[in-house]
Amino acid sequence: LVLVVDFGAQYAQLIARRVREAKVYSEIVPHTMPVEEMLAKNPKAVILSGGPSSVYEEGAPRLDPALFAQGTPVFGICYGFQAMAQTLGGTVASTGQREYGRTDVTVGDPGVLLAGLPDSLRAWMSHGDEVTLAPEGFSVTASSPRATVAAFEDVDRGLAGVQWHPEVLHTEHGQKVLERFLVEIAGCRQTWTMVNIVDEQVDHIRETVGDARVICALSGGVDSSVAAALVQRAIGEQLTCVFVDHGLLRKGERDQVVRDYVAATDVNLKVVDAREQFLGHLKGVTDPEEKRKIIGREFIRTFEAAEREILETPGTPVKFLVQGTLYPDVVESGGGEGAANIKSHHNVGGLPEDLEFSLIEPLRTLFKDEVRQVGEQLGLPPAMVWRHPFPGPGLAIRIVGAVDEQRLEIVRDADAIAREELTAAGLDRDVWQFPVVLLADVRSVGVQGDGRTYGHPVVLRPVSSEDAMTADWSRLPYELLERISTRITNEVNEVNRVVLDITSKPPGTIEWE
Ligand code: XMP
């Protein structure tokens, strides 16, 4: 077990994930956890994450020197690196010199941590303060233009740290640096795999649920399918899946999900047609967060109704609701300490307060690619495991403007064409997600068949991403874009213009709302 101490960075979970990628099991603990409690978990090593604070700020999280008392290996990153330096008697200064983003780090005598790395590497930095003097016993192994001490180590005591962020993708050799700490300095064994996560979750679910019955929000997406399959593995017959057709689905989606999921698992599946209810409540609503709240609320209401029906069949009460919430949803809803609220994803932030179920969220600490691995582990078919993500609120957040049946029809048709062509081009796996957005309140003039048109634009938003936390616009071939554009303007009434979104995330988000 490696503990990642969260100092309030969006990066803590990313660090934990990289440690798992190195096949070492990791857990995140808040920096407020007393050190005795951390050490009582008997960690093989402790990693201190970055954080938004400066060590000088009033109320900045302090590092308890007791952490170093038992000889546990410790690795400090960014803020963690500075806190470590300060606690062990080094000097941290606020030099007024900041480094943000890409920085060239120069490796000196590489020591153990940086052995085998090139003399210079591009690293992702984000700091205002800098370590000006390493603590006694430490050797300095790297520097950068604005940080004379950018990495240090005291291998005899199992201590090391770096000013940069080895966990982010843009840092060269980041994973290698982490692995070198874990293996060469902390002596961890690389034996942990996804099988362990399945076993662990199965045990945990059994323990939590007991003999109660459970219902699952099955949407057909990767997340809920994997979550349901996991829960089914744990408790079998006690689980009933409920598929809600909220009327915001894509073309043919309901039939396809029901057919595929029942074929792949023999889960109890109940289909609820709630189209009128959802569309009724959404009528005239244009604010994205309002849409999410309404959909979140109606979702739970629908489940409660399904529960009452299921209750009529004899057995123990239904007490739990499974949701396929992933870590990025948790972070972006302000779930990580110090992380800002960007969008309230309906399966986290928009939950009503009068919730009658307890939630089971077996994927809450996982990233998408990890969930896919779990899905494969559970024997789900590739078409399901590799399906593109689709947001819970569905097409409602792909209509900029109020939602109604006619607009849904437009975006459904355009979306079907875009996905069909992407698949035909064999590019499904190159694209993370391919939203098609209808700008329902925008009209532009066009000309078609000698006549003037005054229709709506749709936006193509193909993106590539690793985990939806950051994304880049996909460079789809022009021929493919052309086919999609021609087909949409020809085949979808009301649409006379197709535009391409070339914004990365940040500053954009993947969805338009
Ligand atoms: P954004 O638009 O925030 O999307 O960059 C990140 C990922 O989350 C999906 N998404 C949602 N999923 N409920 C969900 O279950 C939501 O309210 C929601 N909003 C966005 C989005 O499709 C992308 O995969």
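All figures in this text were calculated on a predicted structure; none of them were measured in a lab.

Asks: Can you walk me through the sheet that holds strand 11 (residues 239-245) in this structure?
Replies: As a general point, the strands of a sheet are linked pairwise by backbone hydrogen bonds and lie either parallel or antiparallel. Spatially, the five strands line up as an open sheet ordered 12-11-10-13-14, and their pairing is parallel. Every interior strand has two partners, whereas the edge strands, strand 12 (268-273) and strand 14 (358-360), have only one. Sheet twist, expressed as the mean angle between neighbouring strand axes with direction ignored, is 30 degrees. Bridging between strand 11 and strand 12 involves six bridges; their strand directions are parallel. Bridged to V244 within strand 12 is V272. In this fold helix 7 (residues 253-264) packs onto strand 11 and strand 12, with an angle of close to 170 degrees to the strand it touches most, strand 12.

Asks: In this structure, what is going on with the nonpolar core? I would like to understand it.
Replies: The nonpolar side chains of a soluble globular protein tend to be buried with one another. The biggest cluster of nonpolar side chains holds 71 residues, and the ones touching the most others in it are V214, C216, V226, V231, V242, V322 and A414. Tallying contributions element by element places helix 6 (residues 222-235) first for this core, with nine residues. In terms of domain composition, this core takes at least three residues from each of domain 2 (194-385) and domain 3 (404-500). In contact with V226, not counting residues within four places along its chain, are G324, L363, V371, V374, G375, L378 and L380. Ranked by size, the runner-up nonpolar core spans 58 residues in total, among them V4, I77, A83 and A147.

Asks: Whenever I open this one, helix 4 (residues 174-185) confuses me. Can you help?
Replies: Each full turn of the α-helix corresponds to 3.6 residues, which orients residues three or four apart in the same direction. Taking 1.5 Å per residue, twelve residues should reach 16 Å; helix 4 reaches 16 Å between its end C-alpha atoms and fits that length. Those residues of helix 4 that fall on the buried side of the exposure criterion are G174, V177, L178, E179, R180, F181, L182 and I185. Where the residues of helix 4 are buried, they touch strand 1 (2-6), helix 1 (12-21), strand 3 (45-48), strand 4 (74-77) and strand 9 (159-162). Trailing helix 4 by a residue or two, G187 shows a phi angle of about 70 degrees, which is positive.

Asks: Is there a simple way to think about the environment of G210 in this case?
Replies: Mapped onto the secondary structure, G210 falls in the loop between helix 5 (194-209) and strand 10 (213-217). With 25 residues separating them in the primary sequence, G210 and I235 have C-alpha atoms 8.8 Å apart.

Asks: What's the story with the packing of helix 6 against helix 11 (residues 368-377) in this structure? I'm lost.
Replies: Any two packed helices are characterised by the angle at which their axes cross and by the distance between the axes. Where helix 6 contacts helix 11, the axes come no closer than 10 Å and their chain directions differ by 45 degrees. Between helix 6 and helix 11, the angle falls in the class oblique. The interaxial crossing formed by helix 6 with helix 11 has left-handed handedness. Across the interface between the two elements, V222, D223, S225, V226 and L230 of helix 6 pack against V371, R372, V374 and G375 of helix 11. When the residues that make up the contact of helix 6 with helix 11 are grouped by side-chain class, the tally is five nonpolar, two polar and two charged.

Asks: Explanation requested: the packing of helix 1 against helix 4 in the structure shown.
Replies: In contact at an axis separation of 10 Å, helix 1 and helix 4 are set at 70 degrees when each is read in the N-to-C sense. Comparing their axes, helix 4 and helix 1 come out roughly perpendicular. Taking contact as the criterion, the partners of R18, V19 and E21 in helix 1 are, on helix 4, Q175, L178 and L182. A per-class count over the contact of helix 1 with helix 4 returns three nonpolar, one polar and two charged.

Asks: Help me understand the domain arrangement of the protein chain, please; the structure alone is not making it clear to me.
Replies: Interface size is commonly expressed as the accessible surface area that is lost when the partners come together. Taken domain by domain, the protein chain holds domain 1 (2-185), domain 2 (194-385) and domain 3 (404-500). Taking only C-alpha atoms, the centre of domain 1 and the centre of domain 3 are 44 Å apart.

Thresholds, definitions, all that
Residues numbered from 1 in each chain as written. Predicted model: local features only at pLDDT ≥ 70, side-chain atom pairs only at ≥ 80, totals over all residues. Pairing = 2+ DSSP bridges. Helix = DSSP H or I, 4+ residues; strand = E, 2+ residues; numbered from the N terminus. Axes fitted to C-alpha atoms, helices over the stretch in contact; angles between N-to-C directions. Contact = placed C-beta atoms within 7 Å. Core = buried A, V, L, I, M, F, W, Y, C linked by C-beta atoms within 7 Å. Buried ≥ 20, exposed ≤ 12 C-beta atoms within 10 Å, placed from the backbone. Domains from an automatic or database assignment. Expected span 1.5 Å × (residues − 1). Parallel < 35°, antiparallel > 145°, perpendicular 65-115°, else oblique. Left-handed = near helix turned anticlockwise from the far one by under 90°. Nonpolar A, V, L, I, M, F, W, Y, C, P; charged D, E, K, R; others polar.

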